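Tertiary structure, described
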Amino acid sequence: MQTIGEERLDLVADLFSGHRRRRRLIDYALEYRAATAIVDNETDPQVAALRVGRVTLLAGDVSNLHARELAACLSETIVTPEHQGWYDLIWAVHTGRATSYERIEFSSGMLDPHRLKAMAVGDNGNSRVDRLDQRLCERLARDVGTGFFGKFRSIDHFLEIGFGFCVIVDDRVVSGASTAVVCRPYSM
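Attention in this report is confined to the structure presented alongside it. (Residues numbered from 1 in each chain as written. Predicted model: local features only at pLDDT ≥ 70, side-chain atom pairs only at ≥ 80, totals over all residues. Heavy atoms only, no water.)

This next bit is on a negative patch on the surface. Taken together, the side chains of Asp-133, Glu-138, Asp-156 and Glu-160 present a region of like negative charge at the surface. Along the polypeptide, Asp-156 turns up in helix α7 (residues 155-161). (Patch = residues over 30% accessible without salt bridge, like charges linked within 9 Å, V, L, I, M, F, W, Y side chains within 5 Å. Areas by Shrake-Rupley, 256 points an atom, 1.4 Å probe, with all protein chains shown as cover. Salt bridge = Lys/Arg side-chain N within 4 Å of Asp/Glu carboxyl O. Lys, Arg positive; Asp, Glu negative; His and termini not counted. Charge placed at Lys NZ, Arg CZ, Asp CG, Glu CD. Helix = DSSP H or I, 4+ residues; strand = E, 2+ residues; numbered from the N terminus.)

Within a sheet, each strand pairs with its neighbour through backbone hydrogen bonds, oriented either parallel or antiparallel. Pairing in this open sheet of five strands is mixed, and the strands run β1-β2-β3-β4-β5 from one edge to the other. In the strand order of this sheet, the two ends are held by β1 (2-4) and β5 (78-79), each with one partner. Where strand β4 (residues 55-60) lies against β5, two bridges are found, and the strand directions are parallel. Note that in β5 the partner of Thr-56 across the bridge is Val-79. (Pairing = 2+ DSSP bridges.)

The next thing to look at is helix α4 (residues 84-93). Taken as a whole, α4 has its buried residues at Trp-86, Leu-89, Ile-90 and Val-93. The arc that holds the buried residues of α4, viewed along the axis, is 100°, so those residues lie on one side. Among the structural elements, β3 (47-52), β4, α3 (67-72) and β5 are those in contact with the buried residues of α4. (Buried < 20%, exposed > 50% of the residue type's maximum accessible area, 1.4 Å probe, protein only. Arc of directions from axis to C-beta. Contact = heavy atoms within 4.5 Å.)

Okay, a nonpolar patch on the surface next. Together, Val-129, Phe-163 and Phe-165 make up an exposed nonpolar region whose accessible area comes to about 250 Å². As for its placement among the helices and strands, Phe-163 is situated in the loop between α7 and β7 (164-169).

The subject of this paragraph is the packing of aromatic side chains. Counted by the stated rule, this structure contains two aromatic pairs. Considering the side-chain rings of Tyr-87 and Trp-91, the 5.9 Å spacing of their centres and the 55° angle between planes classify their relative orientation as tilted. On the criterion of helical spacing, the pair formed by Tyr-87 and Trp-91 is a turn pair, its members being four residues apart in helix α4. Look at Phe-163 and Phe-165: their rings are 6.5 Å apart centre to centre, the planes differ by 70°, and that puts the pair in the edge-to-face class. Judged by relative accessible area, which is 45%, Phe-163 ranks as partly exposed. Take Phe-165: its relative accessible area is 35%, and that puts it in the partly exposed class. (Phe/Tyr/Trp six-rings, centres within 6.5 Å; stacked < 30°, edge-to-face > 60°.)

Encoded structure:
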């Protein structure tokens, strides 16, 4: 297995072209060159693991003789398989070490702006909603880690193309939401 850097991600784009799960994450990684990939072959990959922050996406034919070797390379990552074959292979290779979590994706279109505004200007004088800026991003990175910015190259990269907000109560960050990925709009 070989690792390819951001500048060569075009080599794996075709392998991920049919993916629908995590499509925006894939598009972001490829458009912004914000990932690395592990491949079976540097010039003509047949299987690939695309690593974006702490998330890894798998592509290619799971019956390929290198698929098991690729799955074995995965550690300390969140893997989101596109189909059951990769899921089964990961469980077989990482028996006793893998854990399954259910995640829920949602779009900002599902949020109720009137309710959010009411929360932001609530009658409780010790709470507020602040937009993420350099100072608040650095505070979050220090206090809770880089999860808010994990798929971006840096806080500066996040602030350049992303955005987010935090709920602050008594000068403590108690909640937050931020851009996970950014890519060109598309329709499915």
